[in-house]
Amino acid sequence: MSMDPSLVAESPGAASKSSDGSSVSSGGGHSGSAAAGRGFAKYALAKLGGAAVSLLMVVFSAFFLFRVLGGDPVDALTRDVPTTPAERAALRHRLGLDQPLSLQFVHYLQGVLTGDLGQSYQYQQPVTSLIGARLGATVLLTGTALVLAVSLGLWIGTRAGWRQGSRFDKVQVGVSLTLWSAPTFWFGMIVIMAFGRYLGLFPVNGMVSPYTPDGFWPQALDTLHHLVLPVLTMTAVIYAQYVLVMRSSILDEKDADYLVTARAKGLRDDDVRRRHAVPNALLPTVTLVFLQLGGVVGGAILTETVFSWPGLGLLAYQALRIPDLPLLQGTFLFFSTAVILANTAADVVYRFLDPRVRHS
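Residues numbered from 1 in each chain as written. Predicted model: local features only at pLDDT ≥ 70, side-chain atom pairs only at ≥ 80, totals over all residues. Heavy atoms only, no water.

(A) View of the environment of Asp269. Here Asp269 shows up in helix 12 (residues 269-281). Along the primary structure Asp269 and Trp162 are separated by 107 residues, whereas in three dimensions their C-alpha atoms are 9.7 Å apart. Apart from the residues within four sequence positions on either side, Asp269 is in contact with Trp162 and Arg263. (Helix = DSSP H or I, 4+ residues; strand = E, 2+ residues; numbered from the N terminus. Contact = heavy atoms within 4.5 Å.)

Here it is, written out as structure tokens:
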């Protein structure tokens, strides 16, 4: 019995299958890859579109938000200097504060579009230069604290969840909840009193002591010495969320069928936890890490203020006291952009890590 040639022509897949099985497999693979590529492109465009809308809202809100707060920069800048009304008017004109709000907004938008965030009122320097000069200190502080918090939180959370109800679990959950609920500035002052003032082990402010000799190693060692207490404070406050999230994820996976199968194969309990439970329980923690990455660039305002750490957080606090509007707008834009980009990256990475997102 022979096949009608017209049917073969109308059905390329069937013809390929009847003549060459390997070619059918290759065609299906290409089709699947193309569909997956289109799906990812659509997903990525949707996330990038959402990020663009968020950035647009941040750009608009950065201008109006700090003007709603009130406060006259001219009053703050001339507080300790005797000035005449004419001098105050000249200063207001030089800062552009005597212009209508609509015109100030147009100048602000033009600056944002061209990468010019304006001139700081108090430092008399470009805002972009100030942010660039402080970025390294913030990344050093918050990046170190994030690495320590993630490592410590994952290790403790995994073991606490795996041994639910044990003394280790109860102690670690109690400590984590206590530290997580503690205000950062309060915990920072406790650390300063205990390790700085009472024991005298570490410096309590700044990044480098003025009497430190020049040279890479003296400066680096002194920076690490100054880094201990701020990092200890930040790590203690944020590691708890990794403990609790990882513990909860481990509890969800602990009685899964695939772990029962792994145990039935004779794997040791530690191997079951490390090779099967932990990789599947990491997904929620990955999202949390990416969210914190935005904070790494954005800085930690409270920690840097308590320890006078010369980073972006302290810069934002100093700008808020005036208020230094260009500097406030610039730091707000920088912080918000970092968080939005980190969240977008988390969404994209999550699609690769979790098959449920790819097939949703």
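(B) A nonpolar patch on the surface, seen in detail. A surface patch of nonpolar side chains, about 600 Å² in accessible area, is lined by Phe185, Trp186, Met189, Ile190, Met193 and Leu302. The element that contributes the greatest number of residues to the nonpolar patch is helix 9 (residues 184-198), accounting for five residues. Locating Trp186 in the fold gives a position in helix 9. (Patch = residues over 30% accessible without salt bridge, like charges linked within 9 Å, V, L, I, M, F, W, Y side chains within 5 Å. Areas by Shrake-Rupley, 256 points an atom, 1.4 Å probe, with all protein chains shown as cover. Salt bridge = Lys/Arg side-chain N within 4 Å of Asp/Glu carboxyl O.)

(C) Region of the structure containing the pattern of salt bridges. Considering all chains together, one arrives at seven salt bridges under this definition. Between Asp347 and Lys47 there is a salt bridge; the shortest N-O distance is 4.0 Å. Of the two residues, Asp347 is situated in helix 16 (residues 325-353) and Lys47 in helix 3 (residues 21-68); the sequence distance between them amounts to 300 residues. Residue Asp347 is classed as partly exposed on the basis of its relative accessible area, which comes to 30%. Judged by its relative accessible area of 29%, Lys47 is partly exposed. The partner of Arg274 in a salt bridge is Asp271, with the nearest N and O atoms 2.7 Å apart. (Buried < 20%, exposed > 50% of the residue type's maximum accessible area, 1.4 Å probe, protein only.)

Distances and angles like these do not, on their own, reveal function.
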